[in-house]
Amino acid sequence: AYNGPSIVIAYAHCIAHGIDMGCALLNDQKKAVASGHWQLVRFNPDLRKEGKNPFVLDSKDPTIAFEEYAYGENRYKVLKKTNPKAAQELIKLAQEDAASRYRLYKQLSQLNCSGEQNENNKTEGM
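Structural notes, computed from the coordinates. (Residues numbered from 1 in each chain as written. Predicted model: local features only at pLDDT ≥ 70, side-chain atom pairs only at ≥ 80, totals over all residues. Heavy atoms only, no water.)

1. Notes on the environment of alanine 10
Tracing the backbone through its elements, the reader meets alanine 10 in the segment before α1 (24-34). In this structure alanine 10 comes out as exposed when scored by relative accessible area, which is 59%. (Helix = DSSP H or I, 4+ residues; strand = E, 2+ residues; numbered from the N terminus. Buried < 20%, exposed > 50% of the residue type's maximum accessible area, 1.4 Å probe, protein only.)

2. Remarks on the packing of helix α3 (residues 74-82) against helix α4 (residues 84-109)
Two measures define how a pair of helices packs: the angle their axes make with one another and the distance between the axes. At a minimum axis distance of 5 Å, the contact between α3 and α4 shows a crossing angle of 135 degrees. One finds that α3 runs oblique with respect to α4. For the pair α3 and α4, the contacting residues are Leu79, Lys80, Lys81 and Thr82 in the first and Pro84, Ala87 and Leu90 in the second. Its residues placed into classes, the contact of α3 with α4 shows four nonpolar, one polar and two charged. (Axes fitted to C-alpha atoms, helices over the stretch in contact; angles between N-to-C directions. Parallel < 35°, antiparallel > 145°, perpendicular 65-115°, else oblique. Contact = heavy atoms within 4.5 Å. Nonpolar A, V, L, I, M, F, W, Y, C, P; charged D, E, K, R; others polar.)

3. Thoughts on the nonpolar core
The biggest cluster of nonpolar side chains holds 10 residues, and these are Tyr11, Ala32, Ile64, Phe66, Tyr69, Ala70, Tyr71, Tyr76, Ala87 and Ile91. For this core, the secondary structure elements donating two or more residues are α2 (66-70) and α4. Here this core takes three residues from α2, the largest share from any one element. (Core = buried A, V, L, I, M, F, W, Y, C linked by side-chain atoms within 4.5 Å.)

4. Describing α4
For α4, spanning 26 residues, the distance from its first C-alpha to its last is 37 Å, which sits close to the expected 38 Å at 1.5 Å a residue. For α4, every residue scored as buried is listed here: Ala87, Ile91, Ala98, Tyr102 and Ser109. Lining the buried residues of α4 we find β2 (55-57), α2 and α3. (Expected span 1.5 Å × (residues − 1).)

5. Some words on the packing of aromatic side chains
Tallied over the entire structure, the rule returns four aromatic pairs. Look at phenylalanine 66 and tyrosine 76: their rings are 5.7 Å apart centre to centre, the planes differ by 90 degrees, and that puts the pair in the edge-to-face class. Taken together, the residues phenylalanine 66 in helix α2 and tyrosine 76 in helix α3 connect sequence positions 10 residues apart. Each member of the pair phenylalanine 66 and tyrosine 76 is classed as buried. When the ring centre of tyrosine 71 is taken as origin, the NZ or CZ atom of lysine 80, which lies over that ring, is 4.5 Å away. (Phe/Tyr/Trp six-rings, centres within 6.5 Å; stacked < 30°, edge-to-face > 60°. Lys NZ or Arg CZ within 6 Å of the ring centre and 35° of its normal.)

So, in structure tokens, the structure goes:
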């Protein structure tokens, strides 16, 4: 909708991830979003003119653990096989990172144009 330059940052799997590039591809991308590993966001500077926040978070709260998404891909499965202790710690850190980024993006999406949280969008613990 923005009459200006656009940037699309997409999350694209490759065959090396061990994903069926035919039909399973979309399911794996959905899992990346559902786990909070990848958030769906839009930024439209024109929304400021309407008094709206230009940053829009389209993703819902994560519904699956990062681990459920990650172990569907070879790069994570291989680490789990070769170094289970490191894999467990890295999965934990990735889960924390995904949750932290989601909370940040949610908070940013709830700011009004003056940089304050909208009264009806305040989230507990933020």
